[in-house]
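Residues per chain are reported as follows:
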Amino acid sequence: MRSHYCGELRASDISADGRQQVILSGWVHRRRDHGGVIFLDLRDREGIVQVVFDPDREQSFTLADACRNEFVVQVHGIVRARPAGTENADMPTGEVEVLGQELVILNKSDTPPFQLDEHQSVGEDVRLKYRYVDLRRPDMAQKLKLRSKVSTFIRNFLDQNGFLDIETPILTRATPEGARDYLVPSRTHEGHFFALPQSPQLFKQLLMVAGMDRYYQIAKCFRDEDLRADRQPEFTQIDIETSFMDEDQIMGLTEQMVVELFRNQLDIDLGEFPRMPYAEAMEKYGSDKPDLRIPLQLVTVGELMQDVEFKVFSGPAKDPNGRVAALKVPGGNSMTRKQIDDYTKFVGIYGARGLAYIKVNNKADLEEGLQSPIVKFLPLEVRAQLLERLQAEDGDLIFFGADSEKIVNEALGALRCKIGEDLELMTCAWAPLWVVDFPMFEATSDGGITAIHHPFTAPSCSPEELAAAPLQGLSRAYDMVLNGTELGGGSIRIHDQSMQAKVFDLLQIDADEQQEKFGFLLDALKFGCPPHGGLAFGLDRLVMLMTDSSSIREVIAFPKTQSASCVMTQAPGVVANKQLRELNIKLREKVTDSQ
Ligand code: ASP
């Protein structure tokens, strides 16, 4: 039904003899009546071309006149150069137009719920409800096309490097990745449930035990998380596992994959990725995914503050779990009271109870040259040491965070990024890095410990050292970070059964539970498990960054809302009692929180 895509027509397609026809099929993007001549902008997946209908072809002219936005039509016509002066340099097809000779209306359309030809601001709920209309918008189609190109590129790269594409089950048992599971009741096993995979982690490890050597899968993963920030309950991972490769080799190969992807698809050279230990990332950036485009850094000033009378500083400075850090904003002392108040509210989101600051007006005058509600609490020598430590200059502004280490890191880490954006401080467009040397575990609020990655990650110390000081032990994990977003992460795995059992012990998973939940893994480790490791990239986030989109929902064809539902299909939905009975499920009366 077509000879060309609308968006592909170029000057080279101009009919030399003025007779050779093209056939186009698509949607009416816009109809304009220009004093007796009808213009239809015709759109398909590849773009838009202008089609002109003259009144001297009465039948097609009348039909063109009857067309409305989003009608589906087929056009036979001649490609010709646009009249001089009417070319449109903003459109890839802007040098040409099609003289419409025949028009068939293939289908009509109701007035669409929103216009596609304008940068109209449409609520996201409406866009998601009519997603099939929303995806017709050229920029949305462009994103899905790039997504397809990215996955094809990655498949080819991994295939050329000897990776096998192997599918793993969706109906399975829980794989701990730190979120709640989506459960599926079993009809045939009363009272039993499948879990949807939070990742294919255990299966890909078992594929290494099975000798598959190099595995990949573009895999759907399911995590029932409170959808803070930009998460989706189902999302796509580029999941990778290899045998007999160490972390340097795995990082090297996957870095090469991402570098070639950016070069190939976007003509961008990401260069070589620096590596940064986790401890340094937290110290300087307050984050394990630092955005290195922003030149600001956090500086610990706790030991300067230990003895000051200002308890807000001296308290956390003396507390082993506390932190006092400063963030210097060069030239920031022109900030208004209102801006500082806004930043104070902003850090409040992260639990900070205030945002102390000093404006450095004249660093030579420690008495009068520092403007700040708190400077009076700091002895002169502390002021001097502080300015020295921060290399502060006249005109700078210094923000402080003083609280538990966690709150200070989160609050000042986020403030650093916000100021970087607000003041347009970015020093480059792309800043990739690897974060390495993660701790194995972190403390939980109830006094226990939990795995930072997942419990299958190998430590870089011996089991005895790990047992002696679990929170000090480092892991063989690595994360790839780009512009402050974690693109992917993984680790060398435990391939030794006793080490795996030790880690489960430290996580207080007792022997029965180990057997019940992971018996199959512990068994497999006994049957010749090779050293192995891998990682997974978030495809949605990767494409989001590559298309400069504001959210991962923009690069997923049919995403869920922030409350994990689909406004188009109305999923999740209620089910008939019969279905529930078959599943041996009885719904409880809705209970209130206090019950
Ligand atoms: N399974 C891990 C995740 O989903 C990735 C990995 O360790 O390979 O984060």
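Residues numbered from 1 in each chain as written. Predicted model: local features only at pLDDT ≥ 70, side-chain atom pairs only at ≥ 80, totals over all residues. Heavy atoms only, no water.

### Thoughts on the overall build of the protein
The helix and strand tally for the protein stands at 17 helices and 22 strands. Counting only C-alpha atoms, the protein reaches 90 × 75 × 55 Å along its principal axes. When burial is assessed residue by residue, the protein has 48% of its 595 residues classed as buried. Counted over contacts in the protein with a minimum sequence separation of 6, partners at least 24 positions apart contribute 68%. Total accessible area on the protein is roughly 29,800 Å²; 49% of this is exposed by carbon and sulfur atoms. Across the protein, the mean location of the 66 positive side-chain charges is 5 Å away from that of the 90 negative side-chain charges. (Helix = DSSP H or I, 4+ residues; strand = E, 2+ residues; numbered from the N terminus. Buried < 20%, exposed > 50% of the residue type's maximum accessible area, 1.4 Å probe, protein only. Contact = heavy atoms within 4.5 Å. Areas by Shrake-Rupley, 256 points an atom, 1.4 Å probe, with all protein chains shown as cover. Lys, Arg positive; Asp, Glu negative; His and termini not counted. Charge placed at Lys NZ, Arg CZ, Asp CG, Glu CD.)

### Focus on the sheet that holds strand β17 (residues 432–436)
Pairing within the open sheet is mixed, and its 8 strands lie in the order β6-β9-β10-β22-β21-β20-β17-β11. The open sheet has two edge strands, β6 (164–165) and β11 (275–277), and neither has a second partner. One ladder, built from 9 bridges, connects strand β9 (residues 214–222) with strand β10 (residues 234–243); its direction is antiparallel. By the bridge assignment, Ala219 is partnered in β10 with Gln237. Contacts from helix α5 (residues 201–209) reach β9, β10 and β22 (532–538) within the one sheet, and its direction differs from that of β10 by about 20 degrees. (Pairing = 2+ DSSP bridges. Axes fitted to C-alpha atoms, helices over the stretch in contact; angles between N-to-C directions.)

### Quick word on helix α12 (residues 405–422)
Given a rise of 1.5 Å per residue, 18 residues ought to cover 26 Å, and the 25 Å separating the end C-alpha atoms of α12 matches this to within 8%. Burial in α12 covers these residues: Val408, Asn409, Ala411, Leu412, Gly413, Ala414, Leu415, Arg416, Ile419 and Gly420. Among the structural elements, α7 (278–285), β12 (298–300), β13 (322–329), α10 (337–348) and β16 (397–404) are those in contact with the buried residues of α12. The first or second residue beyond α12 is Glu424, which carries a positive phi of 50 degrees. (Expected span 1.5 Å × (residues − 1).)

### What about the nonpolar core?
Val150, Ile154, Leu158, Ile240, Phe537 and Leu542 are the most contacted members of the largest nonpolar core, which has 60 residues in total. Looking at this core, the element that brings in the most residues is helix α6 (residues 247–266), giving 8 residues. Apart from residues no more than four positions distant in its own chain, Ile240 is found in contact with Leu158, Phe163, Lys204, Tyr215, Tyr216, Thr254, Met257, Arg493, Gly534, Leu535 and Phe537. Counting residues in each nonpolar core, the second largest holds 24 residues, with Met305, Phe313, Val382 and Leu390 among its members. (Core = buried A, V, L, I, M, F, W, Y, C linked by side-chain atoms within 4.5 Å.)

### A word on the pairing of strand β5 (residues 96–107)
Bridging between strand β3 (residues 47–53) and β5 involves 2 bridges; their strand directions are parallel. Pairing of Val51 across the sheet is with Val98, part of β5. By the bridge criterion, 10 bridges tie strand β4 (residues 72–81) to β5 in an arrangement that is antiparallel. When the bridges of β5 are listed, Arg80 appears paired with Glu97.

### Examining unusual backbone geometry
Of the consecutive residues Ala571 and Pro572, the connecting peptide bond is found in the cis state with omega at 0 degrees. Along the chain, Pro572 turns up in the loop between α16 (539–546) and α17 (577–582). The backbone of Phe244 sits at a positive phi, close to 60 degrees, despite the residue not being glycine. Along the polypeptide, Phe244 turns up in the loop between β10 and α6.

### What about the side chain of Ser551?
Positionally, Ser551 belongs in the loop between α16 and α17. Here the side chain of Ser551 touches Arg553 through a polar contact of 2.8 Å, landing on its backbone nitrogen. Dropping the residues within four chain positions of it, Ser551 is found in contact with Asp230 and Met544. (Polar contact = N/O pair within 3.5 Å; in protein donor to acceptor, adjacent residues only side chain to side chain.)

### Some details on the side chain of Ser287
Here Ser287 is to be found in the loop between α7 and β12. A polar side-chain atom of Ser287 sits 2.9 Å from the main-chain amide nitrogen of Lys289. Setting aside anything within four residues of it in sequence, one finds Ser287 in contact with Ala281 and Met282.

### Description of the packing of α10 against α12
For the pair α10 and α12, interaxial distance at closest approach is 9 Å and the crossing angle is 140 degrees. Between α10 and α12, the crossing angle belongs to the class labelled oblique. Note that α10 runs across α12; the crossing there is right-handed. The segment α10 lies against α12, with Tyr343, Phe346 and Val347 engaging Ala411, Ala414, Leu415, Lys418, Ile419 and Asp422. Classifying every residue of the contact of α10 with α12 by side-chain character gives 7 nonpolar, no polar and 2 charged. (Parallel < 35°, antiparallel > 145°, perpendicular 65-115°, else oblique. Left-handed = near helix turned anticlockwise from the far one by under 90°. Nonpolar A, V, L, I, M, F, W, Y, C, P; charged D, E, K, R; others polar.)

### Side note on the pattern of salt bridges
Throughout the structure, instances matching the rule amount to 40 salt bridges. A salt bridge links Glu280 to Lys284, with the shortest nitrogen-to-oxygen separation between them at 2.9 Å. One end of the pair, Glu280, and the other, Lys284, are both in helix α7, 4 residues apart, so they sit about a helical turn from each other. Several salt bridges converge on common partners, so that one network encompasses Arg127, Arg131, Asp134, Arg137, Lys143 and Glu554. (Salt bridge = Lys/Arg side-chain N within 4 Å of Asp/Glu carboxyl O.)

### Re the site of the ligand
The environment of the ligand is formed by 13 residues, the closest being Glu177, Gln201, Lys204, His454 and Arg493. Here an oxygen atom of the ligand sits 2.9 Å away from a polar atom, N or O, in the side chain of Gln237. In the complex, 89% of the free accessible area of the ligand, which totals 270 Å², lies under the protein chains. Counting only elements with at least two residues in the shell around the ligand, the list comes to α5, β21 (485–492) and β22. Ranked by residues supplied to the shell around the ligand, first place goes to β22 with 3 residues. (Near = heavy atom within 4 Å.)

### Let's talk about the sheet that holds β16
Taken together, 5 strands build an open sheet; the order of strands is β12-β13-β16-β14-β15 and the sheet is antiparallel. Either end of the sheet is taken by a strand with one partner, and the two such strands are β12 and β15 (370–371). By the bridge criterion, 3 bridges tie β12 to β13 in an arrangement that is antiparallel. The residue bridging Thr300 from the neighbouring strand is Ala325, located in β13. Taken strand by strand, α7 contacts β12 and β13, and its axis lies near 100 degrees from that of β12.

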